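One letter stands for each residue in the lines below.
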Amino acid sequence: MATNMDKAFYQAPQGLDQIDEGDEPALEITIEDPEAVEIGIDGMPIMRIEEGEEEEDDFNANLAEEMDEAALATLAGDLIGDFENDVSSRKDWVQTYVDGLELLGMKLEERMEPWPGACGVYHPLLTESVVKFQAETMMETFPAAGPVKTQIIGKETPEKKAAAERVKNDMNYQITDVMTEFRPEHERMLWGLGLAGNAFKKVYIDVQLDRQVSMFVPAEDMVIPYGASSLETAERVTHVMRKTENEVRVLQHSGFYRKVELGTPINVMDEVEKKIAEKLGFRASEDNRFKLLEMHVDLDLPGFEHKDDDGEETGIALPYVVTIEKGTGEVMAVRRNWKPDDDTHQKRQHFVHYGYIPGFGFYCFGLIHLIGAFAKSGTSIIRQLVDAGTLSNLPGGFKTRGLRGKGDDTPISPGEFRDMDVPSGTMRDNIMPLPYKEPSQVLLSLLNQIIDEGRRFAGTVDLNTSDMSAQAPVGTTLAILERQLKTMSAIQARIHYSMKQELKLLKEIIREYTPVEYTYEPEEGTPAAKQSDYDQVNVIPVSDPNAATMAQKVVQYQAALQLAQTAPQLYDLPLLHRQMLEVLGIKDYQKLVPIAEDMKPRDPVTENMNILSNKPVKAFIYQDHQAHIAVHMSAMQDPKIQSIVGMNPQAAQALQAAMMAHVFEHLGMEYRKQVEQAMGQTLPPYNEDSDEMQMAPDMEIKVSQMAAQASQQLLQQNMQEAQQQKNQQMAQDPLIQLQQKELEIKQQDLQRKSQKDASDAQLKGAQIQIERERIEAQQETEGAKLMAKTMLDRDQTKARQESEGFRTMAETQRHQQQMEMQRRQQDQKKPSKGD
């Protein structure tokens, strides 16, 4: 099998070393067993040839070599037409941008109107705003240590933390030391971003440099349809490139471009390009370079159609990169723009869009669009003020034709008196100066008002120290800063997001060129990383999207420190102070304020030494916690240590609190181990940095239920062990043994007394039974007597009642007889009717 090693796809080579020397035939290497071949230096693999390598070379091949000329001509015509339409759609935006470049005052203007030498100064509002934006953003996004920090994917472990540190060091090393063009290109990008509102970065592999690069592309060289919302969704992205005749020839001989005759470069500078050059002070006569259009577009190319699983053509357009020489319309290259193993054919991104203020279309607005009118008005007013001062200091006017003086053409010096010939009358009657006025105070006030409004709108106005009070709370200062910098904070957040996309593209390229595994152990502190390290982390900018300036960050941390003073137990004070030092830019802040995350596993004696030295300590899950706790408790109970520490009560209290906190940390981890033993299985992995376990809700419920049972078993087991230990301690103590013997004697005495009491109680019970029987017999006798007496009393009562009854009856009868006799007597005393 013959394998041809082609150049990379990302970027065309630009060096003379890519030209085939002479007419010698290309070198071909025939490999019988590709799986057994590795190419490397000193045992370090650089390339491994596997089956399918030839297919990958064909995948990255220039498809224009296989297409016929008619199809290429049609393709070029269609794409150039689309390019012209895209250029027309952004005409107004470009025109405003070009006109605003003049307001930068990059070239001196010799004005001839209203008179030669009139004021040609430009107000620096626009330039001042751009310079401030560039300086502030550069300091925020590119610190001295590098612009990259890492973010761990998934659960944080010590291995991932070490991998993240290696990736951060490697990326910062690549950007600051290897990619020497990154910082200058980044500064140019920020300048263009502030002015035009748009700037682009192109991330690719430079074959000549044999490494990744990130180059700035001006907004005028990136043409995107107006209706597009982003680079990712745009149907067409065109990068306008300019290359010399020799550069194009190098690319053709290297095989990156087709070997077609282009002739000499045609002067293709359009009106916009000429105006941009003239506004910036350059001579725009001609451009002896080829104008290449690198178009990232979706196409349904004949002969390379998309097919479904059944082999049928679907008509779906696939992403390609088509390079066209605009002057001749020749297609230089057509290459696929998706990854070989991507069945979905997702478009690969090579550009990053930085935006200032989003507008209605794809292109954002910059300072030229936002405050260009303010700068233009300020320039007009300041010129009027200077010209008014000039006219006021050197006034002109009218004089009579016959008035003559010696040396008419030379100005009068201070203190000089010159002879004049007056034809008639006085000199005053022969001269009339024009009524020029002094510079207007109204215009000066209007100028200040316009400039203040422009600075405030651009977000570059400075906060006056007189507006703040030294006694003002930090929260008030922070609120004023936030309101003052709100616009810039929003812009910084957009830049943070775009830079994150740029670092993501760089990470993918750097990862591809990183060894899969180490063939050696890297030294500590070296930026070396491996591919698996890059798979575990994300790279993000060090800039803070929530704070635009260092002053704002410092005030935020001052507010946090004030809150921490009210409730210090709620805050990690070492970490808070460490972050404050980092914001202030203090070198070696890690050494100044060590925190628990920096600690490594130590033996318990070393931990005691660190606690006595007021250094942080940390427990790790795999340590022998019982041994650590025993050593720490022994140190706390040591009388020598207590006597020395006790000399400073405040220090003793702080040391005791630190020691107990560390002991409690070991105690918690030991309790976790014991619960796992009782459960018969391990709990989910423990995160030592965040002190938490991440698990799904249903998993957490199951673990809680199992832990509840295990904790009860552990509680009973610990209680039994505690009781056994207590019994053992009591058994070994002589005093306890003596007390136990005395207790046994007391128990024996108590037993004898109990037996005696029991016999006495039995005897007393018999006596009580006899007395009870006697009382019962006596009660029976008394009862019989009482019954007899009761019967006798009843009989006597009955007899007495019967006697009383008879007597009552007799009295009643006698009373009735008396009443009857009285009635009869009354009847006898009444006279009869005859009487």
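Up top is the structure these notes are about.
Procedures and definitions
- Residues numbered from 1 in each chain as written.
- Predicted model: local features only at pLDDT ≥ 70, side-chain atom pairs only at ≥ 80, totals over all residues.
- Heavy atoms only, no water.
- Helix = DSSP H or I, 4+ residues; strand = E, 2+ residues; numbered from the N terminus.
- Areas by Shrake-Rupley, 256 points an atom, 1.4 Å probe, with all protein chains shown as cover.
- Axes fitted to C-alpha atoms, helices over the stretch in contact; angles between N-to-C directions.
- Parallel < 35°, antiparallel > 145°, perpendicular 65-115°, else oblique.
- Left-handed = near helix turned anticlockwise from the far one by under 90°.
- Contact = heavy atoms within 4.5 Å.
- Nonpolar A, V, L, I, M, F, W, Y, C, P; charged D, E, K, R; others polar.
- Buried < 20%, exposed > 50% of the residue type's maximum accessible area, 1.4 Å probe, protein only.
- Phe/Tyr/Trp six-rings, centres within 6.5 Å; stacked < 30°, edge-to-face > 60°.
- Core = buried A, V, L, I, M, F, W, Y, C linked by side-chain atoms within 4.5 Å.
- Polar contact = N/O pair within 3.5 Å; in protein donor to acceptor, adjacent residues only side chain to side chain.
- Pairing = 2+ DSSP bridges.
- Salt bridge = Lys/Arg side-chain N within 4 Å of Asp/Glu carboxyl O.

**Q** A description of the overall build of the protein chain should follow, citing residues and the corresponding values.
**A** Helix and strand content of the protein chain: 22 helices and 18 strands. Surface accessibility of the protein chain: about 52,300 Å² in total, with carbon and sulfur atoms responsible for 53%.

**Q** Residue-level account of the packing of helix H9 (residues 367-393) against helix H10 (residues 441-458), with values.
**A** One can describe the packing of H9 onto H10 by two numbers: an axis separation of 9 Å at closest approach and a directional angle of 160°. It follows from the interaxial angle that H9 and H10 lie roughly antiparallel. At the point where H9 passes H10, the crossing takes the left-handed sense. Note on element contacts: H10 touches H9 through Leu443, Leu444, Leu446, Leu447, Ile450, Ile451, Glu453, Gly454, Phe457 and Ala458, opposite Leu367, Leu370, Ile371, Phe374, Ser377, Gly378, Ile381, Ile382, Gln384 and Leu385. Residues that form the contact of H9 with H10 fall into these classes: 15 nonpolar, four polar and one charged.

**Q** Kindly report on helix H7 (residues 245-253), identifying the contributing residues and their values.
**A** Owing to its 3.6 residues per turn, the α-helix brings residues three or four apart onto one side. Buried within H7 are the following residues: Val248, Val250, Leu251 and Gln252. Elements in contact with the buried residues of H7: strand E9 (236-243), strand E10 (290-299) and strand E12 (330-336). The positive-phi residue at the C-terminal boundary of H7 is Gly255, with phi of around 90°.

**Q** Explain the packing of aromatic side chains to me, and be specific about the residues and the numbers.
**A** Ring pairs (aromatic) are described by centroid distance and by the angle formed between their planes. Applying the stated criterion across every chain, the model contains 10 aromatic pairs. Here the aromatic rings of Phe59 and Trp338 are separated by 5.6 Å at their centres, their planes lie at 85°, and the arrangement is edge-to-face. Taken together, the residues Phe59 in helix H1 (residues 53-59) and Trp338 in the loop between E12 and strand E13 (351-355) connect sequence positions 279 residues apart. Trp338 carries the same exposure label as Phe59, and that label is buried. Where Phe133 meets Tyr356, the ring centres are 5.2 Å apart and the plane angle is 80°; that geometry is what we call edge-to-face. Here Tyr356 lies in the loop between E13 and H9 and Phe133 lies in helix H4 (residues 125-141), a separation of 223 residues in the sequence. Its relative accessible area of 1% is what places Phe133 among the buried residues. Note on Tyr356: relative accessible area 1%, which makes it buried.

**Q** So what about the nonpolar core? Which residues, and what values?
**A** Buried together is how nonpolar side chains tend to be arranged in soluble globular proteins. Counting residues in each nonpolar core, the largest one holds 68 residues, and the members touching the most others are Leu126, Leu193 and Ile224. What Leu193 contacts, discounting residues up to four positions off in sequence, is Phe133, Asn198, Ala199, Tyr354, Gly355, Tyr356 and Ile495. Listed in part, the 25 residues of the second largest apolar core include Met67, Leu72, Leu79 and Leu293.

**Q** Go over the environment of Glu438 with me, naming the residues and quoting the values.
**A** Relative to the helices and strands, Glu438 resides in the loop between strand E17 (431-433) and H10. At a separation of 2.8 Å, a polar atom in the side chain of Glu438 contacts the side chain of Ser392.

**Q** Tell me about the pairing of strand E11 (residues 318-325), and please be specific about residues and values.
**A** Among the eight residues of E11, eight are classified as buried, and the element is accordingly described as predominantly covered. Going residue by residue along E11, you find Leu318, Tyr320, Val322 and Ile324 tucked away on one face and Pro319, Val321, Thr323 and Glu325 tucked away on the opposite face as well. Alignment of E10 against E11, held across eight bridges, turns out to be antiparallel. Bridge pairing in E11 places Met295 opposite Val322. Judged from the six bridges that link them, E11 and E12 form a sheet pairing that is antiparallel. Within E12, the position partnered with Val321 by the bridge is Arg335. From the end of E11 to the start of E12, which pair antiparallel, there are four residues, and Gly329 there has a positive phi angle of about 75°.

**Q** Please give an account of the pairing of E10 that cites residues and values.
**A** For E10, a buried count of nine out of 10 residues is recorded, marking the element as mostly surrounded by other parts of the structure. As judged from the eight bridges shared by E9 and E10, these two strands associate in the antiparallel manner. By the bridge assignment, Arg242 is partnered in E10 with Lys291.

**Q** Just give me the short version of the pattern of salt bridges, but keep the residues and values in it.
**A** In total, this model carries 23 salt bridges according to the counting rule given. Notably, a salt bridge pairs Arg188 with Glu185, separated by 3.1 Å at the nearest N-O pair. With Arg188 and Glu185 both in helix H6 (residues 182-196) and three residues apart, this pair spans about one turn of that helix. Here Glu185 falls in the buried class, since its relative accessible area comes to 9%. Asp221 serves as the salt-bridge partner of Arg242, at 3.2 Å between the closest nitrogen and oxygen. Taken together, the positions of Arg242 in strand E9 and Asp221 in the loop between strand E7 (211-218) and strand E8 (222-223) put the pair 21 residues apart, joining distant regions of the chain. Classification of Arg242 by relative accessible area gives partly exposed; the value is 23%. Linked through salt bridges whose partners overlap, the residues forming this network are Asp82, Asp86, Glu235 and Arg236.

**Q** If you had to explain the packing of helix H17 (residues 604-612) against helix H18 (residues 625-637) to someone new, which residues and values would you point to?
**A** The interhelical angle for the contact between H17 and H18, taken along N-to-C directions, is 40°, at an axis separation of 9 Å. Regarding the angle of H17 to H18, the classification is oblique. Considering the relative orientation of H17 and H18, their crossing is right-handed. In contact with Pro604, Val605, Glu607 and Asn608 of H17, H18 contributes His628, Val631, His632 and Ala635. The residue inventory of the contact of H17 with H18, partitioned by class, reads four nonpolar, three polar and one charged.

**Q** Lay out the sheet that holds E11 with the relevant residues and their values.
**A** The strand order across the open sheet built from five strands is E8-E9-E10-E11-E12, with neighbouring strands paired in antiparallel fashion. With one partner strand each, in any of the chains shown, E8 and E12 form the two edges of the open sheet. Note that E8 and E9 share two bridges and pair antiparallel. Paired with Val223 across the two strands is Thr238, which belongs to E9.

**Q** Break down the sheet that holds E13 for me, citing the residues and quoting the values.
**A** Taken in spatial order, the three strands line up as E7-E6-E13 in an open sheet, and their pairing is antiparallel. The sheet terminates laterally at E7 and E13, the two strands that pair on one side only. Here the strands of the sheet are splayed against their neighbours by 25° on average, with no regard to which way each runs. Pairing of strand E6 (residues 198-206) with E7, which is carried by eight bridges, proceeds in the antiparallel orientation. Each residue of the ladder has a partner; that of Ala199, found in E7, is Pro218. Each of E6, E7 and E13 touches H6; the most contacted strand, E6, lies at about 155° to it.

**Q** Tell me about the side chain of His353, and please be specific about residues and values.
**A** Mapped onto the elements of the fold, His353 is located in strand E13. Note on His353: relative accessible area 18%, which makes it buried. Separated by 2.9 Å, the side chains of His353 and Asn198 make a polar contact. Setting aside its immediate chain neighbours within four residues, His353 contacts Asn198, Ala199, Phe200, Leu231, Phe362, Cys364 and Ser498.

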